[in-house]
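Architecture and fold: a report
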Amino acid sequence: MPTYKIRGIDVDFPFEAYDCQLIYMDKVIQSLQNKCNALLESPTGTGKTLCLLCATLAWRKSLGGFNTSGIQKDDQVAGSQSIEVLSQSAASKLPKIVYTSRTHSQLRQVIKELKRTTYRPKMVILGSREQFCIHEEVSLLRGSAQNNACRFLCKKGSKRCCIHYIRTANYLKNNPHLGDEPIDIEDLVNIGRRSGPCPYFLSRELHKVVDILFAPYNYLIDPGYRRGLGLDWDKSILIFDEAHNLESLCADAASFDLHPGLLTACISEAKNCIDLSTKRQCSDDKSSKPEDFAVLRALLLKLEKRIAEVPINSKELGFTKPGPYIYELLADLNITKETASKLIGIIEEAAELLRDDKLQKGLDTACRLQSIIDILNIIFRDKGTAHAAFYRVHVQEADANAADVLKGKASRTLSWWCFNPGIAMQEFSMMGVGSIILTSGTLSPMESFAQELKLDFPVRLENPHVISSNQIWAGVVPTGPSSYSLNSSYRNRDSLEYKQELGNAIVNIARIVPDGLLIFFPSYYLLDQCIGCWKKMSHGNSTSIWERICKYKKPVVEPRQSALFQMAIEDYMAKLRDTSTSGAVFFAVCRGKVSEGLDFADFAGRAVVITGMPFATLTDPKVRLKREFLDLQAQSQREGYKGLKLPVLTGEDWYNQQASRAVNQAVGRVIRHRHDYGAIIFCDERFAHSNRQSQISLWIQPHIKCYSKYGDMVYMLTRFFRDAVISCPTNHKSIKIEDMGNEREKKSVEPLDKSYPEKSAAVGQACISPSDVKRSNNSSPFEVLPANRLSLSPYKAIQAFKLKGSCDLVQYEKKILHSGRKITQLQNREVIDLSGNSLLDTKPRKEEAIAPCSAKKRKVLNTELDACISNATEIASGAESSQSSYPLSRTCLGKHEKPQISDSRSRQNAEVSALQCKVDATLRRIDSEFLSQKSEAVLSSASGDEETKGSTFLIQVKEELSATEYKEFVGFMKALKSKAMKIGHVLQSIANLFSGPERLPLLRRFKDYVPAKYHSIYEQYLPTNG
């Protein structure tokens, strides 16, 4: 495992790093050492998360060892029913790292990356009761009902107590090393089910003494959550991963909308509190005060009346006032910063009264009055009013049905919108936070992002991608097949000619792009309009545009309702597997779930089409007021600068940059890792302008070309995918879906006629294809042939080998399969000092090792495979000879879609494809058999005569590990037997695979299969406790 010296810090990295990864880690350490903030953009697939963890933990380790002091009892609560909390004195005084991301599924991936490193800080992940609760009754509840039930069962003196809560203190006392190894929510839940403690309170107590804490954004952004953590924020390090939506999340967290239905429900609950309190008073309960709840109800009724009296002259514009107007509105109700705390106290009493009553009746304990507390806390933030200058009060008519209007029910929404997202972030600076690091794959344009958050970011980075130029195609298509301009602006989008031209353009793209195609529209309105038009319009009085699209790819349309989204994904995957077409097309919208929640790696997303600029609706009140706010702010800043040309963010700038950021997020769905490839097609003439292209992610910009003729685009796109099939074999993966905080995986079973499989790590050591020289399986950090290389200098001669066609591929593959290779042993661990030189000044690296081709593997290759290769070579040679005479007629492309290619060449290509797939299928079957035989052989050898024992252990390993991890395990077993890698590296790698509480038995049992002379090395990876 290489160690890099970056700015004087030794950083252990799981594999040889790309130059862009070294630059990224350099920026992270620069930010930490200088105690300043950083804004870092690095495309998906560049190992951003791993770099961030390694650099941050290496810096933290340089300050002092990680905290493994364990848990101490707090004598003040000894003997009580409360949890024995962790002593703060046990916690290290060194800076605490708080790592946040948008969802728990993203955090789950981060913890997986942590397991790949050598760093083992004390850690824990925070979550909600919904994710942690194992109580047989409370776990069935959701939201506030679940929180209230949990508090009731954990309350002192409660008749019913939660047994898991009671067991937590004793478990923490007896297991002080909990958190020394990376643990996820599932690990804590399994501990709770197995040993009895409450996973929720385990995490809540453990977080006080950890070195690194993982949590969702809202634990830092929301003041209430933040105060509840009870952390010492001085000099702490805050990391916001996937931070592209951070500004909007900060603004939303500081804003509120009081809808008429919610206010009506609160009034009803206040009336119920009066009745309940009166009944208790009659039963000699002197603590009950119905008069307080009567005052609460009167205030809410008066607020409803006050909102109804606001003059609204235009339903479209509504009623708008500056932010401080909210205090004037509440003053009429005698609600001020002095009286607000007393009102909050009354509401809390009311909420508890309602909760107890509903629990006794077995009803949902959700309390709407709790939202009034949240609103008052936002308005009287930190008991001050200065923040109101960044707000606007807005009242608008809500959509109400006729029955509600006749009954006189309220139909207006009171809003208090924050237009300065920096409020939440600026609080961290006042709390003494050391550094704030914001990172994502799509932060561009960066300047507006920094200005919105009102923070200084001295350290910034827009990283390039790790892919080569032949893996990406990016083009602007200003006109369609009939030379009609493609422009989805408001003035043009409803034009029949535009919709027809866009449809015909997509027909051609659907024919060219293999497998999955993603098409993003600026809005649901335009998506519905275009699809409706295409279904009606026919082509030459025969088939409609929609039918011609369906001829090449089966369509799926993104639903507006979130509940239907999962079904749409399943439909898309099913259609991708359908062999009757060349794939599927997903029609979606920018800013929708498809554009942000999915990972369309490899065949699931070979191209993305952007049909226009996704500008927000200008007439939307929030958008209009945001633009006005920024314009006023920019004007005052210019006056304050007195002629200095300093950057200011105007409303128009923000409006444009928000659209560009949405585009960047959508195009990021393709090219998800270093071996992926895909195309990005901008079907709008506005993307031809330099100012638009300058706001596209920096790693894409060098590849963008503008095609003035539609036919030229078709030709270049066709050639790109033809070459990519040869140079970039596909690594089939599942689509990762984030849905309501849970991650699901949709496995793909690709038909043979569309399959270009990438060899697994284990098989790749015995059989190397031309592309394997440049790459290796990205799932393992311990490949014999390191994957993370910007260039492989020992193999320049091989890299210079250019494949001319399919025949070269199969002949070259056949040559390698039937020949031996010189064995090169891995070099000893090296420390690479990067502190004195530029990170871009790389030196030729040491020669890498290639495992030998297995003689057994060569014997398996039978005459069936040889015949496939021979036939494919003959046909491919014929196809290659005719390739130079490939004519392209622009007129034909525009009107009839299909380039003029001879029928014989089409048949030849089809035969090449079919035979190549047959070769791939045979190789894949052989690989599978070889993988299974090899793993069993290694274990049998390791266990001597105990073959049955070894087979049982192998089955358990396969059940416990994921498919990718199991392949890594087999590769390491082979390396253990052949000694192709250093024994210490192999044993450490296997120990990392078996890390985590659930895999501890496997970690211990594997020692039986390690040669006796290496037991001392392996024992250092075994836990010392228990």
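Before reading further, recall that the structure is shown in the block above.
Residues numbered from 1 in each chain as written. Predicted model: local features only at pLDDT ≥ 70, side-chain atom pairs only at ≥ 80, totals over all residues. Heavy atoms only, no water.

**Things to note about the overall build of the protein**
Within the protein, the secondary structure is distributed over 41 helices and 26 strands. Taking all 1026 residues of the protein together, 57% fall into the buried category. The long-range fraction of contacts in the protein, counting pairs at least 24 apart against all pairs at least 6 apart in sequence, stands at 77%. About 43,700 Å² of surface is accessible on the protein, with carbon and sulfur atoms providing 50% of the total. (Helix = DSSP H or I, 4+ residues; strand = E, 2+ residues; numbered from the N terminus. Buried < 20%, exposed > 50% of the residue type's maximum accessible area, 1.4 Å probe, protein only. Contact = heavy atoms within 4.5 Å. Areas by Shrake-Rupley, 256 points an atom, 1.4 Å probe, with all protein chains shown as cover.)

**Here we look at the environment of Glu628**
Within the element layout of this structure, Glu628 appears in helix 25 (residues 621-641). C-alpha of Glu628 to C-alpha of Glu652: the two residues are 24 residues apart in sequence and 9.4 Å apart in space.

**Regarding the packing of helix 21 (residues 524-536) against helix 22 (residues 545-552)**
Packing of helix 21 against helix 22 brings their axes to within 5 Å, and their N-to-C directions diverge by 95°. When the axes of helix 21 and helix 22 are compared, the pair comes out roughly perpendicular. Along the contact surface, helix 21 presents Ile531, Trp534 and Lys535, while helix 22 presents Ile545, Trp546 and Ile549. In the contact of helix 21 with helix 22, the residues fall into five nonpolar, no polar and one charged. (Axes fitted to C-alpha atoms, helices over the stretch in contact; angles between N-to-C directions. Parallel < 35°, antiparallel > 145°, perpendicular 65-115°, else oblique. Nonpolar A, V, L, I, M, F, W, Y, C, P; charged D, E, K, R; others polar.)

**Concerning the nonpolar core**
By size, the foremost hydrophobic cluster in this structure holds 99 residues, and its most contacted members are Met25, Phe214, Phe240, Leu246, Met425 and Leu438. Among residues more than four places away in sequence, those in contact with Met25 are Ile6, Val11, Phe13, Ala17, Cys51, Cys54 and Ala55. Among the nonpolar cores identified, the runner-up in size contains 52 residues, and Cys266, Tyr325, Ile373 and Val393 belong to it. (Core = buried A, V, L, I, M, F, W, Y, C linked by side-chain atoms within 4.5 Å.)

**As for unusual backbone geometry**
Its identity is not glycine, yet Asp515 carries a phi of approximately 60°, on the positive side. Here Asp515 lies in strand 15 (residues 515-521). Positive phi is not limited to glycine here, since Arg591 has a value of about 75°. Within the secondary structure, Arg591 is located in the loop between strand 19 (583-589) and helix 24 (593-597).

**Regarding the pattern of salt bridges**
By the definition in use, this model includes 29 salt bridges. Measuring nitrogen to oxygen at the nearest pair gives 2.9 Å for the salt bridge that ties Asp211 to Arg60. Remark: Arg60 occurs in helix 2 (residues 48-63) and Asp211 occurs in the loop between helix 8 (199-206) and strand 6 (212-216); sequence separation between them is 151 residues. The exposure classification of Asp211 matches that of Arg60, with both residues buried. Note that Arg108 and Glu186 form a salt bridge whose closest N and O atoms lie 3.3 Å from each other. Of this pair, Arg108 sits in helix 3 (residues 104-116) while Glu186 sits in helix 7 (residues 185-195); the two residues are 78 residues apart in sequence, bridging distant segments of the chain. (Salt bridge = Lys/Arg side-chain N within 4 Å of Asp/Glu carboxyl O.)

**Some remarks on the state of the cysteines**
Within this structure, the stated rule accounts for zero disulfides. Between Cys273, a cysteine without a disulfide, and Cys367, which holds the nearest cysteine sulfur, the sulfur-to-sulfur distance is 7.0 Å. The buried category is assigned to Cys273, whose relative accessible area is 0%. (Disulfide = S-S within 2.5 Å.)

**What to know about the side chain of Ser448**
Among the structural elements, Ser448 can be located in helix 19 (residues 446-453). Here the side chain of Ser448 touches Gln657 through a polar contact of 2.5 Å, side chain to side chain. Among all residues touching Ser448, those that are not within four sequence positions of it are Leu649, Gln657 and Arg661. (Polar contact = N/O pair within 3.5 Å; in protein donor to acceptor, adjacent residues only side chain to side chain.)

**Re the packing of helix 1 (residues 19-34) against helix 2**
Each pair of packed helices gets described by two things: the angle between the helix axes and the distance between those axes. Running from amino to carboxyl end, helix 1 crosses helix 2 at an angle of 40°, the nearest separation of the two axes being 9 Å. The angle between helix 1 and helix 2 falls in the class oblique. Handedness of the crossing formed by helix 1 with helix 2: right-handed. Residues Gln21, Tyr24, Met25, Val28, Ile29, Leu32 and Gln33 of helix 1 form the contact with helix 2, whose participating residues are Lys48, Cys51, Leu52, Cys54, Ala55, Thr56 and Trp59. Considered class by class, the residues forming the contact of helix 1 with helix 2 number 10 nonpolar, three polar and one charged. (Left-handed = near helix turned anticlockwise from the far one by under 90°.)

**Overview of the packing of aromatic side chains**
Counted by the stated rule, this structure contains 32 aromatic pairs. For the ring pair Phe13 and Phe15, a centre distance of 5.3 Å and an interplane angle of 80° mean the geometry is edge-to-face. With respect to class, Phe13 is no different from Phe15; both count as buried. Taking 6.4 Å as the distance between ring centres and 50° as the angle between the ring planes, the aromatic pair formed by Phe1006 and Tyr1009 counts as tilted. The class of Tyr1009 is buried, set by a relative accessible area of 2%. Through a chain of ring-to-ring contacts, the aromatic side chains of Phe953, Tyr966, Phe969, Phe994, Phe1006 and Tyr1009 assemble into a single cluster. Sitting over the ring of Tyr325, Lys321 keeps its end group 6.0 Å from the ring centre. A cation over a ring is seen here: Lys535 above Trp546, with NZ or CZ 5.2 Å from the ring centre. (Phe/Tyr/Trp six-rings, centres within 6.5 Å; stacked < 30°, edge-to-face > 60°. Lys NZ or Arg CZ within 6 Å of the ring centre and 35° of its normal.)

**Some remarks on the pairing of strand 2 (residues 9-12)**
Within a regular strand, side chains alternate between the sheet's two faces. By the bridge criterion, four bridges tie strand 1 (residues 3-6) to strand 2 in an arrangement that is antiparallel. By the bridge assignment for strand 2, Ile6 is matched with Ile9. Where strand 1 hands over to strand 2, the hairpin turn is made up of two residues, of which Arg7 adopts a positive phi near 55°. (Pairing = 2+ DSSP bridges.)

**Some details on the sheet that holds strand 12 (residues 435-440)**
Hydrogen bonds between backbone groups are what pair the strands of a sheet, and the pairing can be parallel or antiparallel. Spatially, the seven strands line up as an open sheet ordered 5-6-4-7-12-3-13, and their pairing is parallel. A strand with exactly one partner marks an edge of an open sheet, and here the two such strands are strand 5 (123-125) and strand 13 (459-462). Between one strand axis and the next, the sheet turns by 15° as a mean value, whatever way the strands run. Relative to strand 12, strand 3 (residues 38-41) runs parallel, the two sharing four bridges. Looking at the pairing, Leu40 lines up with Thr439 of strand 12.

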